[in-house]
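What follows is each chain in one-letter form.
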Amino acid sequence: MVDTFQFTPKINLEFTIREKDFFLAGESASRVKKTLQQLGMEQEIIKRIAIIIYEAAMNVAIHASHGMLRVFISPEAITIETEDAGGGIPDVDLAMREGYSTATHEIREMGFGAGMGLPNIKQCADELKIDSKVGTGTLLQATVYFTNWQEKH
Amino acid sequence: MTLREIQTYLGAEILCGEGQLDREVREAFACDLISEMLASASSHMLLITSLTNAHVIHTAEVIDALGVIFVGGRRPAEDVIEIVKKNSSIPLLTTKCQMFDCCGLLFARGVQANRKDPL
Ligand SMILES: Nc1ncnc2c1ncn2[C@@H]1O[C@H](COP(=O)(O)OP(=O)(O)O)[C@@H](O)[C@H]1O
Ligand SMILES: [Mg+2]
């Protein structure tokens, strides 16, 4: 994990997701959660961020081969980004549907593969962007703003 | 009901978090799907599950669970329990009760289904 404090109060966290490293997702979600608690952030926002990290990083470990998880923290917002070099998502709209999953039996036995990851991320994020190319990989960016959540709901 | 009362009532074994058993349990959620736990979580609920891998522990941490009860006599491996001991001190209990019995018994004692926090 790299913590870089810059001139503006910005913090970036970075994790490498290795192939079949199924536990990095939960570990990094827990760790980022602790960091944000130390920064005194509101509990409900922290939970949404942790859920996004968990689901997005898990998707890289399960569905792609390897990639990066990055968390950009600024005073206005947090952006969670996963970038992988996996097979990509042929139909993003279909993948976004609750219950749609291509996960294997092994993954389901771990308690994942319910096809709820992307819908969960969408629900927790204020903004979600998925840029995927078949054969190249997927870039997912989810942003949570600190202010406008109440207005949106 | 406190976690300690639940422990006695279910004849459950404490795996860790002995010091936190005075926590009052009002709501619980039972399920074996991680994404569903993450999606349906409300803070301070008891998690009832038959999954025993490290994901359940990390999930319990992420959703601020009051505690976790493993049903059907299942128990996580020692290294999984170690994660909790190191990180969060969430109480873990294991009971021989099956899922349905465990939920029914707690429900009869006034533990409610969790209400999802507005996300
Ligand atoms: N990073 C990724 N790379 C390739 N495919 C992905 C990725 N993330 C998601 N997918 C595809 O989208 C589907 C739905 O994802 P999700 O909603 O998280 O459900 P689940 O992970 O339970 O299958 C996955 O089954 C998979 O086919
Ligand atoms: Mg998923």
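A short tour of the structure in this document, coming up. Just so it is clear, the structure is predicted and the values come from calculations on it, not from any experiment. (Residues numbered from 1 in each chain as written. Chains lettered and ligands numbered in written order. Predicted model: local features only at pLDDT ≥ 70, side-chain atom pairs only at ≥ 80, totals over all residues. Heavy atoms only, no water.)

## Description of the overall build of chain A
In terms of regular secondary structure, chain A is built from six helices and six strands. Rg of the C-alpha trace for chain A: 15 Å, near the compact-globule value of 15 Å for 153 residues, within the 12% margin. For chain A, the spread of C-alpha atoms along the three principal axes comes to 40 × 35 × 30 Å. Within the span of chain A, comprising 153 residues, buried residues form 52% of the whole. (Helix = DSSP H or I, 4+ residues; strand = E, 2+ residues; numbered from the N terminus. Rg over C-alpha atoms; globule rule 2.2 N^0.38 Å. Buried < 20%, exposed > 50% of the residue type's maximum accessible area, 1.4 Å probe, protein only.)

## Re the packing of helix α3 (residues 54-62) of chain B against helix α4 (residues 78-87) of chain B
All names here are of chain B. Between α3 and α4, the least distance of the axes is 8 Å, while the angle of their chain directions is 20 degrees. Taken as axis vectors, α3 and α4 run roughly parallel relative to one another. Two packed elements cross with a definite hand, and for α3 against α4 that hand is right-handed. Here A54, I57, H58 and E61 of α3 lie close against α4, whose contacting residues are V80, I83, V84 and N87. Among the residues forming the contact of α3 with α4, the class breakdown is five nonpolar, two polar and one charged. (Axes fitted to C-alpha atoms, helices over the stretch in contact; angles between N-to-C directions. Parallel < 35°, antiparallel > 145°, perpendicular 65-115°, else oblique. Left-handed = near helix turned anticlockwise from the far one by under 90°. Contact = heavy atoms within 4.5 Å. Nonpolar A, V, L, I, M, F, W, Y, C, P; charged D, E, K, R; others polar.)

## Some thoughts on the interface of chain A and chain B
With 29 residues of chain A at the contact, the number on the chain B side is 24 residues. Around 2,100 Å² of area is buried between chain A and chain B when both sides are counted, 57% of it from carbon and sulfur atoms. Here chain A and chain B share one salt bridge between them. Here D64 of chain B makes a salt bridge to K33 of chain A, at a shortest N to O gap of 2.5 Å. Counting across the chain A and chain B interface gives 12 residue pairs in polar contact (both at pLDDT 80 or more). Top contributing element to the side of chain A that touches chain B by residue count: helix α2 (residues 43-63) of chain A, with nine residues. Residues that form the side of chain A that touches chain B fall into these classes: 13 nonpolar, eight polar and eight charged. (Buried area = accessible area lost by both parts, 1.4 Å probe. Salt bridge = Lys/Arg side-chain N within 4 Å of Asp/Glu carboxyl O. Polar contact = N/O pair within 3.5 Å; in protein donor to acceptor, adjacent residues only side chain to side chain.)

## Some remarks on the site of ligand 1
Residue and element names in this part refer to chain A. Surveying the vicinity of ligand 1 reveals 17 residues, the closest of which are H63, S101, T102, G115 and L118. A distance of 2.5 Å separates an oxygen atom of ligand 1 from a polar atom in the side chain of S101. Taking G113, its main chain carries an N or O atom lying 3.3 Å from an oxygen atom of ligand 1. Burial of ligand 1 by the protein chains amounts to 93% of its free accessible area of 530 Å². Contributions of two or more residues to the shell around ligand 1 are made by α2 and α5 (117-124). A breakdown of the residues in the shell around ligand 1 according to their chemical character gives seven nonpolar, nine polar and one charged. (Near = heavy atom within 4 Å. Areas by Shrake-Rupley, 256 points an atom, 1.4 Å probe, with all protein chains shown as cover.)

## Here we look at the packing of aromatic side chains
The tally for this structure, following the rule as stated, stands at one aromatic pair over all chains. Ring centres of Y54 of chain A and F112 of chain A lie 5.9 Å apart, and the angle between their planes is 40 degrees; this geometry places the pair in the tilted category. Taken together, the positions of Y54 of chain A in helix α2 and F112 of chain A in the loop between α4 (105-109) and α5 put the pair 58 residues apart, joining distant regions of the chain. The residues Y54 of chain A and F112 of chain A share a single accessibility class, namely buried. Between the NZ or CZ atom of R109 of chain B and the centre of the ring of Y9 of chain B, over which it lies, the distance is 4.1 Å. (Phe/Tyr/Trp six-rings, centres within 6.5 Å; stacked < 30°, edge-to-face > 60°. Lys NZ or Arg CZ within 6 Å of the ring centre and 35° of its normal.)

## Focus on the sheet that holds strand β1 (residues 13-16) of chain B
Residues and elements named next belong to chain B. The mixed open sheet is built from six strands, whose spatial order is β1-β5-β4-β3-β2-β6. Both outer strands of the open sheet, β1 and β6 (112-113), are each paired with one neighbouring strand and no more. Strand direction decides the pairing type here: strand β3 (residues 46-49) and strand β4 (residues 67-70), joined by four bridges, are parallel. Residue pairing across strands places L46 opposite G67, the latter belonging to β4. Along the sheet, α4 makes contact with β1 and β5 (92-94), crossing β1 at roughly 65 degrees. Of the strands in this sheet, β2 (27-30), β3 and β4 are in contact with helix α5 (residues 99-108), which crosses β3 at around 155 degrees. (Pairing = 2+ DSSP bridges.)

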